[in-house]
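Residue-level structure breakdown
Here is how the chains run, residue by residue.
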Amino acid sequence: MFIIKITVRAVGVLRDIFGKRSIDLEVYAEDAPTVFNALSELDILYDGKLNKMIFNQDNTLNEWSRVMLNGRDVRFLDKESLYLKDGDIILLMPQLGGG
């Protein structure tokens, strides 16, 4: 069993779910935990509100939210780079609009 301590930060509407700017989280997993293990644990802690905001019905990340791991968008990371280690920071944010 792996236990990793990370920080999750959220901005905008996503921060409203947590009621605060950041959360210290312990992620538990049978194998090395990933960003998606952490998001699953957060979703359970916050009564399913998180997944509705950042995932599509087919469990893919939606277009208007960003999930960053240590400053890098998880969409552009290879599978091996999604594994967490102590002290990692996940940032959740809605896509910013503008023109």
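Overview of the structure. (Residues numbered from 1 in each chain as written. Predicted model: local features only at pLDDT ≥ 70, side-chain atom pairs only at ≥ 80, totals over all residues. Heavy atoms only, no water.)

Within the protein chain one finds three helices and five strands. At 13 Å, the protein chain has a C-alpha radius of gyration in line with the 13 Å of a compact globule built from 99 residues. Considering only C-alpha atoms, the protein chain reaches an extent of 45 × 30 × 25 Å along its principal axes. Put simply, the protein chain has 99 residues, and 39% of those count as buried. By element, 51% of the accessible surface of the protein chain is carried by carbon and sulfur atoms, the whole surface being about 6300 Å². (Helix = DSSP H or I, 4+ residues; strand = E, 2+ residues; numbered from the N terminus. Rg over C-alpha atoms; globule rule 2.2 N^0.38 Å. Buried < 20%, exposed > 50% of the residue type's maximum accessible area, 1.4 Å probe, protein only. Areas by Shrake-Rupley, 256 points an atom, 1.4 Å probe, with all protein chains shown as cover.)

Let us now look at the pairing of strand E1 (residues 2-10). Strand direction decides the pairing type here: E1 and strand E2 (residues 22-29), joined by eight bridges, are antiparallel. For Thr-7, the partnering residue across the bridge sits in E2 and is Asp-24. (Pairing = 2+ DSSP bridges.)

Moving on to the sheet that holds strand E5 (residues 89-94). Strand order in this open sheet of five strands is E2-E1-E5-E3-E4, and the pairing throughout is mixed. The open sheet terminates on both sides in strands that have one partner only, identified here as E2 and strand E4 (72-73). Alignment of E1 against E5, held across four bridges, turns out to be parallel. Across the sheet, the residue bridging to Thr-7 is Ile-89, located in E5. Here helix H2 (residues 35-45) sits on the sheet in contact with E1, E2, strand E3 (65-69) and E5, set at roughly 115° to E2. (Contact = heavy atoms within 4.5 Å. Axes fitted to C-alpha atoms, helices over the stretch in contact; angles between N-to-C directions.)

Moving on, we come to the pattern of salt bridges. As enumerated under the stated definition, the model contains four salt bridges in all. One salt bridge in this structure joins Glu-26 and Lys-5, with 3.8 Å as the shortest N-O distance. Pair noted here: Glu-26 is in strand E2 and Lys-5 is in strand E1, with a separation of 21 residues, a long-range link. Look at Glu-26 and you get partly exposed, because its relative accessible area is 33%. Arg-66 is paired through a salt bridge with Asp-73; the nearest N and O atoms lie 3.6 Å apart. Owing to a relative accessible area of 12%, Asp-73 belongs among the buried residues under this scheme. What you see here is one network of salt bridges that share partners, running through Arg-66, Asp-73 and Arg-75. (Salt bridge = Lys/Arg side-chain N within 4 Å of Asp/Glu carboxyl O.)

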